[in-house]
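Residue-level structure breakdown
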Amino acid sequence: MSNPLPAASIILEDRYSPGSIFLVQRAKALKFLGGFHAFPGGKVDPPDADIAQSQNPWDVALVAAVRELFEESGVLLCRDSLNNSIKSSPQLAQIRCDLLEKRSDFATILRDNKWVLSASDLYPIGYFTTPLFSPMRFETRFFLAKIPSGQTPEVFKNELENGVWGTPAEHLKKWYSDEILISPPVLLLLEKLNKIPTSDWRLSSGAGLVSQDEFVLDRVRFASWIQVVSVACPGPSVPQIGNVFLVGLSKFYLIDPGALDESGVLAIQNAIQSRVNDGDSFNGILLTHHHPDHTNSANHFADLWDVPVLAHLATAEKLLNKIQINQNLDDCDQIPLGFNPFTGSNLVLTAYHTPGHAPGHLVFFEAKTKTLFAGDLVSTSTTILVSPPDGHLATYIHSMNRMADFNPALLMPFHGCPSANGKSVLQTAVFHRDKRETALLTALGNNCNSVEALANEVYRGLPDPLMKLAQKQILAGLIKLSEEGIVLAPSNDPNEWKLAQ
Ligand SMILES: [Zn+2]
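Residues numbered from 1 in each chain as written. Predicted model: local features only at pLDDT ≥ 70, side-chain atom pairs only at ≥ 80, totals over all residues.

As a further point, take the overall build of the protein. A count of helical and extended segments in the protein gives 16 helices and 23 strands. Relative to the 2.2 N^0.38 estimate, which gives 23 Å for 501 residues, the radius of gyration of the protein is 25 Å and therefore close to what a compact globule would have. Its C-alpha atoms give the protein principal-axis dimensions of roughly 85 × 60 × 35 Å. Going through the 501 residues of the protein one by one, you find that 45% of them count as buried. Taking the contacts inside the protein whose residues are at least 6 apart along the sequence as the reference set, 63% of them involve residues at least 24 apart. (Helix = DSSP H or I, 4+ residues; strand = E, 2+ residues; numbered from the N terminus. Rg over C-alpha atoms; globule rule 2.2 N^0.38 Å. Buried ≥ 20, exposed ≤ 12 C-beta atoms within 10 Å, placed from the backbone. Contact = placed C-beta atoms within 7 Å.)

In the sheet, strand β10 (residues 220–223) pairs with strand β11 (residues 226–233) via three bridges, with the strands oriented antiparallel. Each residue of the ladder has a partner; that of valine 220, found in β11, is valine 228. Between β10 and β11, which pair antiparallel one after the other, the connecting turn spans two residues. (Pairing = 2+ DSSP bridges.)

For the protein, the domain assignment lists domain 1 (5–163), domain 2 (220–436) and domain 3 (444–499). Here the C-alpha centre of domain 3 lies 31 Å away from the C-alpha centre of domain 2. Contact with domain 2, which involves 10 residues of that partner, is made by 12 residues of domain 3. When the residues that make up the side of domain 2 that touches domain 3 are grouped by side-chain class, the tally is six nonpolar, three polar and one charged. (Domains from an automatic or database assignment. Nonpolar A, V, L, I, M, F, W, Y, C, P; charged D, E, K, R; others polar.)

The next point concerns helix α2 (residues 57–73). Across its 17 residues, α2 extends 23 Å between first and last C-alpha, which sits within 8% of the 24 Å expected from 1.5 Å per residue. With 13 of 17 residues buried, α2 lies mostly within the body of the structure. After α2 finishes, the residue glycine 74 shows a positive phi value of roughly 80°. (Expected span 1.5 Å × (residues − 1).)

Now for the nonpolar core. With 136 residues, the main nonpolar core has Ala65, Val247, Ile285 and Val363 as its most contacted residues. With nine residues, α2 is the largest single contributor of residues to this core. Not counting the four nearest positions on each side in its chain, isoleucine 285 is found in contact with Tyr253, Leu254, Pro257, Ala298, Phe301, Ala302, Val307, Val309 and Leu310. (Core = buried A, V, L, I, M, F, W, Y, C linked by C-beta atoms within 7 Å.)

Turning our attention to the sheet that holds β11. A sheet is described by the order of its strands in space; here seven strands give the open sequence β10-β11-β12-β13-β14-β15-β16, paired in mixed fashion. Two strands in the sheet have a free side with no partner beyond their single neighbour: β10 and β16 (327–328). Along the sheet, helix α11 (residues 298–305) makes contact with β13 (251–255), β14 (281–286) and β15 (309–311), crossing β14 at roughly 150°. (Axes fitted to C-alpha atoms, helices over the stretch in contact; angles between N-to-C directions.)

For helix α16 (residues 464–483), which comprises 20 residues, the first-to-last C-alpha distance of 29 Å matches the rise-based estimate of 28 Å (1.5 Å per residue) to within 8%. Burial in α16 covers these residues: Ala470, Gln471, Gln473, Ile474, Leu475, Ala476, Gly477, Leu478, Ile479, Lys480 and Leu481. Tucked into the core, α16 has its buried residues touching α13 (393–404), α14 (422–445), α15 (451–458) and β22 (487–488). Remark: glycine 485 follows α16 within two positions and exhibits a positive phi of approximately 80°.

Turning next to the packing of α15 against α16. Two numbers describe how α15 lies on α16: the axes approach to 9 Å, and their chain directions differ by 105°. On the basis of the axis angle, α15 is roughly perpendicular to α16. Side by side, α15 and α16 meet where Val451, Glu452, Leu454, Ala455 and Val458 of the first sit next to Met467, Ala470, Gln471, Ile474 and Leu475 of the second. Tallied by class, the residues present in the contact of α15 with α16 amount to eight nonpolar, one polar and one charged. (Parallel < 35°, antiparallel > 145°, perpendicular 65-115°, else oblique.)

A few words now on the sheet that holds strand β20 (residues 371–375). Within a sheet, each strand pairs with its neighbour through backbone hydrogen bonds, oriented either parallel or antiparallel. Reading across from one edge, β17-β18-β19-β20-β21 is the order of the five strands in this open sheet, with mixed pairing throughout. The open sheet terminates on both sides in strands that have one partner only, identified here as β17 (334–340) and β21 (410–413). If you compare each strand with its neighbour and ignore which way they point, the axes differ by 20° on average. Pairing geometry for strand β19 (residues 362–366) and β20, over three bridges, is antiparallel. If you follow glutamate 366 over to β20, its bridge partner there is threonine 371.

Glancing now at the pairing of β21. Moving residue by residue along a regular strand, the side chains alternate between the two faces of the sheet. Of the two faces of β21, the one holding Leu410 and Met412 and the one holding Leu411 and Pro413 are both buried throughout. Handedness of the β-α-β unit built from β20, α13 and β21 comes out right-handed. (Right-handed = clockwise from strand over helix to strand, strands pointing away.)

Residue proline 389 follows proline 388 across a cis peptide bond; omega there is 5°. Here the phi dihedral of aspartate 178 falls at roughly 60°; this positive angle occurs in a residue that is not glycine. The residue aspartate 178 is located in the loop between α5 (168–176) and α6 (184–195) in this model. Residue aspartate 178 is classed as buried on the basis of its 22 C-beta neighbours within 10 Å. Positive phi is not limited to glycine here, since aspartate 256 has a value of about 60°.

See below:
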């Protein structure tokens, strides 16, 4: 796991409408929380450190925050040589374009115009490290600032979808009614700001509006009814990170509790306990399939809380004498999650049988919000292993296409970062399989005939433990092609796969 990258974000407040703050919607295609609303901001660039007053991470983050805000919204938190704030103008817009198109850099722009960062206009309010759910992680420092008079934010459609002003209460109302997605740390900050009178925001910021501990301990939520606990779980070669979901409001279910060690079990237990303390009822455990990374601590929580475990019959057969499945779920079975007071309607999950990765694989779909709890149907961080005999590639591709036809918007994979671009993630994964198949056919045409030789050719340069997994993917591909009559399976020598004609 790599170290989190430093990043910075600005809570921009309207000068004339106190308490109204600016949210941007990240472009849907972005890998990290694409489609989610957030404060303007981004990664610290190495040259930011050259402009900073000192190498203190807060000073460097301040430069990144001002630069990112300028790039994303055109708002520039600088002062001129007479200590006046900068006004919007065609020239300023041109300078922004030059920066975005890399015809100039931020240091040169500041120097040429004799502008200085107005550090005293920015109030540091806390920092946050992305939880484990994402392989791409950031340590983000947040600042509060008022928009300078005479400036208006303008968002360009490339990295961002749009920008919207509103009070924390207004933004939160939309989030609770499932109209918008908000990145988890931004959600926490909005909830904090919502509880403090606007006139006190700056007073609070001096004392630290949030502490790192609060961010770590708070519930990580992707919708009012979706909470995630990311834990280490068993992997095919090394441990990996998995997203365990608590889904529902007053009635909730746990999906795929596969924690590897005590700290993961404890994190899940704390999440359940905290919800139960709030009066919510823990109704049961849903399993997408039988693999240990999804089921490892299912028995523990079923016994501890005396709740049923629900899974497909084929999963129950795989788990015989290991995990007691109390209720079988079949294609299209519904799991009512009760009334959602924020939307005024009932929340219902529907199970869909999506074999291919595992025979009993289920996904859970919430139709109103088009949210897909995908298990191992697809991942945003890794390639899903299709390993015969449990795995079957043609079935797997059929399952992916079937769920893409449901037009999922919010995709909650077990491995990787959630995405607001669910359908496209599934389509991309199918496309990736097609490309691999073409490469496999080319390799067969080049007289590679054993699984080993084909894997070496198609997955050239992969390190050894992963190459073993790649061989399984190759075998799955060969079986699919032989079922289609394109490839002849070996009759005597297992190393004699060849093209049919
Ligand atoms: Zn799996």
